[in-house]
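Here is how the chains run, residue by residue.
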Amino acid sequence: MKISMQYLPNFLCQLIDAVAYNNETAPFQPEWEGWKKQYLNYYQRESDVNLSDEDSMVVQNLPPLLEQLEGSVKRAFAGEPVIDDLVKDSIAFFEAHDAFFNERERLYFVQSAPVDRLLKALIARLQGRADHIAIHRREVDAAMAVKVLHDLFQTIRSELPEPLVKGTIDGFRRAGKAFDMLAEHPDEIPDEVVEDAIFELRSAGELLEHIPNLVRRFEEEVGSAVPIIGDDLSLLRDEHDDDLLTSLKEQTVPAFLEMWEARHDGWLLDPEVAAQLLDETNQMVGVFVEQLEAYPENSDEFWDTTDQLNGLFHQIKANAMDLEELQSSPYWPEVQLVLNLLRGAAPMYAAQTLSQGVKEGEAPEVMKQVGQLLESYLAEPDPLPLLEALKILKVDLDLNKTSRACASCNARIALDAKTCTECGTKVEEFSLSG
């Protein structure tokens with residue numbers, strides 16, 4: 001089922017499930033309207049530049065695809081049995097939507113995304129695919145990104161060798177020169193100015209791209225593994241700051257708690273440790289929040305808890321499954337479904353369809369196991385069966401590098417074996433799928 005491969009917004013997954021299982025659809029109408037408003041704003045802002053003939057076609061196709069999807073969504077809200085059209089139109093729109101979004105987020109020339117977007121607009125202008133308004137719209141964000149890099153540079157300047165410092169300063173000079181050239185032409189920008197700005201910005205990007213990597217390396221050496229709040233905790237430990245403490249309590253920690261409570265993918269942990277590690281971390285998060293309220297009176301106890309929380313997040317990072325090789329494997333469609341289910345980006349209807357297909361058809365043993373785990377997940381939604389499904393697929397992929405499954409008894413045999421050592425089946429009798 002193709003829907004297993006396509007990321008969909010959570011509310012749309014829930015709407016598909018509501019239609020599939022004859023549940024109430026009206027509760028999802030406000031979310032649809034809110035999402036549509038955000039999307040239309042993004043489309044209007046980003047569709048003023050197209051980067052290729054293919055991208056131009058995507059830009060042109062998105063409005064009619066949205067209209068088609070909206071028609072199915074409205075029929076769903078009206079209570080019509082529209083499951084097939086809703087699934088089909090959702091896939092069609094979001095495939096194009098993702099192509100549109102990914103093309104605009106992909107970095108082509110420099111590592112700074114805002115500067116790269118400006119460069120893409122400048123190059124598109126030379127190709128007749130953008131106008132001067134599109135360029136000026138992206139100038140402010142690019143200039144702000146360079147300022148952020150400059151601020152980061154100041155924090156690590158004393159740690160850098162002098163030749164690197166000089167090259168970095170030259171990068172900022174070139175970026176400033178490009179912004180000044182563009183600012184001199186608020187209306188139409190001559191081609192030669194566009195070409196000069198492209199040269200200066202690309203040179204600046206190359207000279208400045210090391211800054212985020214260096215800062216990240218310094219932070220990893222001395223920083224915390226706890227997401228969102230780690231940097232502030234490191235600063236607070238070095239030197240007490242009442243403003244920073246207030247910011248932690250009122251802004252950073254609430255943002256961390258929102259992330260922690262909203263994360264339903266089990267952090268892609270090995271299922272053997274997932275339940276215990278997440279439970280321990282959840283308890284420690286609760287203790288940390290309680291002790292933060294009394295800080296700094298309980299300084300020793302608070303920092304001991306913080307160290308334990310940091311250690312648990314180090315364990316989470318160390319025990320996360322590496323799924324990169326699965327992307328190029330035959331299992332990738334199923335992996336994508338499982339990942340999307342974990343992230344709330346695939347409907348239960350897709351899981352049910354796949355599990356039924358596996359049960360009713362002929363499938364390799366590994367897929368039968370995945371189908372059974374999907375059934376467990378459908379019976380009681382919990383990340384653990386999905387994490388187990390990912391591990392089974394990962395382990396089977398690793399085994400297939402050195403062995404294969406016997407088509408008769410499913411025992412593992414060497415790739416160059418002539419017969420199965422378990423059941424005696426000759427290699428000539430193996431099916432191609434074995």
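Residues numbered from 1 in each chain as written. Predicted model: local features only at pLDDT ≥ 70, side-chain atom pairs only at ≥ 80, totals over all residues. Heavy atoms only, no water.

Take the overall build of the protein next. Counting secondary structure elements, the protein contains 17 helices and two strands. C-alpha extents for the protein along the principal axes are approximately 75 × 60 × 55 Å. Scored against the burial criterion, the 434 residues of the protein give a buried share of 45%. Taking as baseline every contact in the protein between residues at least 6 positions apart, the subset at least 24 positions apart corresponds to 65%. If you sum the accessible surface of the protein, you get close to 23300 Å²; carbon and sulfur atoms cover 50% of it. Between the mean site of the 38 positive side-chain charges and the mean site of the 80 negative ones, the protein shows a separation of 6 Å. (Helix = DSSP H or I, 4+ residues; strand = E, 2+ residues; numbered from the N terminus. Buried < 20%, exposed > 50% of the residue type's maximum accessible area, 1.4 Å probe, protein only. Contact = heavy atoms within 4.5 Å. Areas by Shrake-Rupley, 256 points an atom, 1.4 Å probe, with all protein chains shown as cover. Lys, Arg positive; Asp, Glu negative; His and termini not counted. Charge placed at Lys NZ, Arg CZ, Asp CG, Glu CD.)

Attention shifts here to helix α10 (residues 230-238). When α10 is considered as a whole, its buried residues turn out to be Gly-230, Asp-232, Leu-233 and Leu-236. All buried residues of α10 lie within an arc of 160 degrees about the axis, which places them on one face of the element. Those residues of α10 hidden inside the fold are in contact with α11 (242-262), α12 (271-294) and α13 (299-319). (Arc of directions from axis to C-beta.)

Right, let's get into the confidence of the model for the protein. Residues of the protein with pLDDT of at least 70 account for 95%, and the chain-wide mean is 90. Low pLDDT, under 50, characterises residues 429-434; the predicted model gives this stretch 10 contacts beyond four residues in sequence or across chains. (pLDDT = per-residue confidence, 0-100.)

Turning our eyes to something else, we now look at unusual backbone geometry. Residues other than glycine predominantly adopt negative phi, and peptide bonds predominantly adopt the trans conformation. With an omega of 15 degrees, the peptide bond running from Tyr-295 to Pro-296 counts as cis. By the element assignment, Pro-296 lies in the loop between α12 and α13. Notably, Asn-22 is not glycine yet its phi reads approximately 60 degrees, a positive angle. Residue class for Asn-22 comes out exposed when judged on its relative accessible area of 72%. You will see that Ile-228, though not glycine, has its phi angle at about 70 degrees, which is positive.

Here we come to a negative patch on the surface. Taken together, the side chains of Asp-238, Glu-239, Asp-241, Asp-242 and Asp-243 make up a negatively charged region of the molecular surface. Structurally, Asp-243 can be placed in helix α11. The class of Asp-243 is exposed, set by a relative accessible area of 63%. (Patch = residues over 30% accessible without salt bridge, like charges linked within 9 Å, V, L, I, M, F, W, Y side chains within 5 Å. Salt bridge = Lys/Arg side-chain N within 4 Å of Asp/Glu carboxyl O.)

A few words now on the environment of Phe-77. Inspection of the secondary structure puts Phe-77 in helix α3 (residues 53-77). For Phe-77, a relative accessible area of 17% puts it in the buried group. Taking the C-alpha atoms as reference points, Phe-77 and Leu-384, 307 residues apart in sequence, are found 33 Å from one another. Beyond its immediate chain neighbours, meaning those up to four positions away, Phe-77 contacts Leu-15, Thr-25, Phe-28, Gln-29 and Trp-32.

Turning next to the packing of aromatic side chains. According to the stated counting rule, one finds 22 aromatic pairs in the structure shown. Consider the rings of Tyr-39 and Tyr-43, whose centres lie 5.9 Å apart with planes at 35 degrees: the pair is tilted. One end of the pair is Tyr-39 and the other is Tyr-43, both in helix α2 (residues 29-46) and four residues apart, which spans about a single turn. Pair check on accessibility: Tyr-39 and Tyr-43 agree, each one buried. Note on Tyr-295 and Trp-303: the rings are 5.7 Å apart at their centroids and 85 degrees apart in plane angle, and the pair reads as edge-to-face. Owing to a relative accessible area of 7%, Tyr-295 belongs among the buried residues under this scheme. Residue Trp-303 is classed as buried on the basis of its relative accessible area, which comes to 10%. Among the aromatic side chains, those forming a connected cluster through ring pairs are Phe-11, Trp-32, Trp-35, Tyr-39, Tyr-42, Tyr-43, Phe-93, Phe-94, Phe-100 and Phe-101. (Phe/Tyr/Trp six-rings, centres within 6.5 Å; stacked < 30°, edge-to-face > 60°.)

We now examine the pattern of salt bridges. Summed over the entire model, instances satisfying the criterion amount to 26 salt bridges. For the salt bridge of Glu-375 with Lys-359, the shortest nitrogen-to-oxygen distance reads 2.8 Å. Residue Glu-375 is found in helix α16 (residues 365-379), and its partner Lys-359 is found in helix α15 (residues 348-360); the two are separated by 16 residues along the sequence. Connected through salt bridges with shared partners, the residues Arg-45, Glu-46, Asp-48, Arg-137 and Arg-138 form a single ionic network.

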